[in-house]
Amino acid sequence: MRQCGVVMSTDGDRAKVVMQRQSSCGDCKGCRLGSDDMSMEIEAINSINAKIGDRVEIDMEHQNVLAAAFIAYMIPLITLIAGVFIGSVLLDKIGLAQYKEVGSAIFGLVLTGISFAVIRLKESSIRANKNFVPIITEIADK
């Protein structure tokens, strides 16, 4: 996935880059928490020593984008479904079948919350993994 942006600040081997949100983003607005602004700020590895104000191209491998999306969306979904199933079976086994719907929903939500907490705890190691951080690959023509 290749996109263009402008370097706003640098810090060692990292740079903050402002990019225009693409049409593929739809109306998600997740990057700016509901802002109507069509720009988003990301942190990228500054492998080419781009300076503030440079227009740069940023690249992230497609499989890494998919892996990050899997971690953020699919793991919590899988734990929700597994939690509902496990809660349903467990409540049947211990003789509380009359609370099966509510209990299994609560169990699913609890497991989903735990998965979000684990992802949050692992966030710093995920961010440190250079496979999940976009890389500034070249300075675009001015």
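Residues numbered from 1 in each chain as written. Predicted model: local features only at pLDDT ≥ 70, side-chain atom pairs only at ≥ 80, totals over all residues. Heavy atoms only, no water.

Caption draft 1: A look at the overall build of the protein. Helices and strands together make up the secondary structure of the protein, namely 2 helices and 5 strands. Its helices and strands in sequence order give the protein the pattern β-β-β-β-α-α-β, from N to C terminus. Considering the protein as a whole, with its 142 residues, one finds that 25% of them fall into the buried category. Sequence separation of at least 24 residues holds for 69% of the intrachain contacts in the protein that already meet a minimum separation of 6. Looking at the protein as shown, the accessible area adds up to about 9,400 Å², and 62% of this sits on carbon and sulfur atoms. (Helix = DSSP H or I, 4+ residues; strand = E, 2+ residues; numbered from the N terminus. Buried < 20%, exposed > 50% of the residue type's maximum accessible area, 1.4 Å probe, protein only. Contact = heavy atoms within 4.5 Å. Areas by Shrake-Rupley, 256 points an atom, 1.4 Å probe, with all protein chains shown as cover.)

Caption draft 2: Seen up close, a nonpolar patch on the surface. Where nonpolar side chains cluster on the molecular surface, the patch consists of Phe 85, Ile 86, Val 89, Leu 90, Ile 94, Leu 96, Tyr 99 and Phe 107 and spans about 740 Å² of accessible area. In terms of residue count, the dominant contributor to the nonpolar patch is helix 1 (residues 62–93) (4 residues). For Phe 107, a relative accessible area of 33% corresponds to the partly exposed category. (Patch = residues over 30% accessible without salt bridge, like charges linked within 9 Å, V, L, I, M, F, W, Y side chains within 5 Å. Salt bridge = Lys/Arg side-chain N within 4 Å of Asp/Glu carboxyl O.)

Caption draft 3: Just the nonpolar core, in detail. Counting residues in hydrophobic clusters, the biggest one holds 11 residues: Val 7, Ala 15, Val 17, Met 19, Met 40, Ile 42, Ala 44, Ala 50, Val 56, Ile 58 and Ile 136. Elements with a minimum of two residues in this core: strand 2 (14–20), strand 3 (39–45) and strand 4 (55–59). (Core = buried A, V, L, I, M, F, W, Y, C linked by side-chain atoms within 4.5 Å.)

Caption draft 4: Representation of unusual backbone geometry in the model. Its identity is not glycine, yet Asn 49 carries a phi of approximately 55°, on the positive side. Within the element layout of this structure, Asn 49 appears in the loop between strand 3 and strand 4. In this structure Asn 49 comes out as exposed when scored by relative accessible area, which is 53%.

Caption draft 5: Structural view of the confidence of the model for the protein. Averaged over all residues, the pLDDT of the protein equals 81, while 82% of them reach at least 70. The lowest-confidence element of the protein is strand 3, averaging 82 in pLDDT; the highest-confidence one is helix 2 (residues 100–128), averaging 90. Overall, residues 26–35 carries pLDDT values under 50, and its contacts beyond four positions in sequence, including any with other chains, amount to 11 contacts. (pLDDT = per-residue confidence, 0-100.)

Caption draft 6: Region of the structure containing the pattern of salt bridges. Enumeration over the complete set of coordinates arrives at 5 salt bridges. Of the charged contacts, one joins Asp 13 and Arg 14 as a salt bridge, the two residues approaching to 4.0 Å between their closest N and O atoms. Of the residues examined, Asp 13 reaches a relative accessible area of 40% and is grouped as partly exposed. In this structure, the salt-bridge partner of Glu 43 is Lys 16, at a minimum N-O distance of 3.9 Å.

Caption draft 7: The arrangement of the pairing of strand 3 in detail. The buried count for strand 3 comes to 5 of 7 residues, which makes it a mostly enclosed element. Direction of pairing for strand 2 relative to strand 3: antiparallel, over a ladder of 7 bridges. Within strand 3, the residue paired with Arg 14 across the bridge is Ile 45. (Pairing = 2+ DSSP bridges.)

Caption draft 8: Spotlight on the environment of Gly 53. The residue Gly 53 is located in the loop between strand 3 and strand 4 in this model. The spacing of Gly 53 and Val 7 is 46 residues in sequence and 5.2 Å in space, taken between C-alpha atoms. Setting aside residues no more than four positions away along its own chain, Gly 53 makes contact with Val 6 and Val 7.

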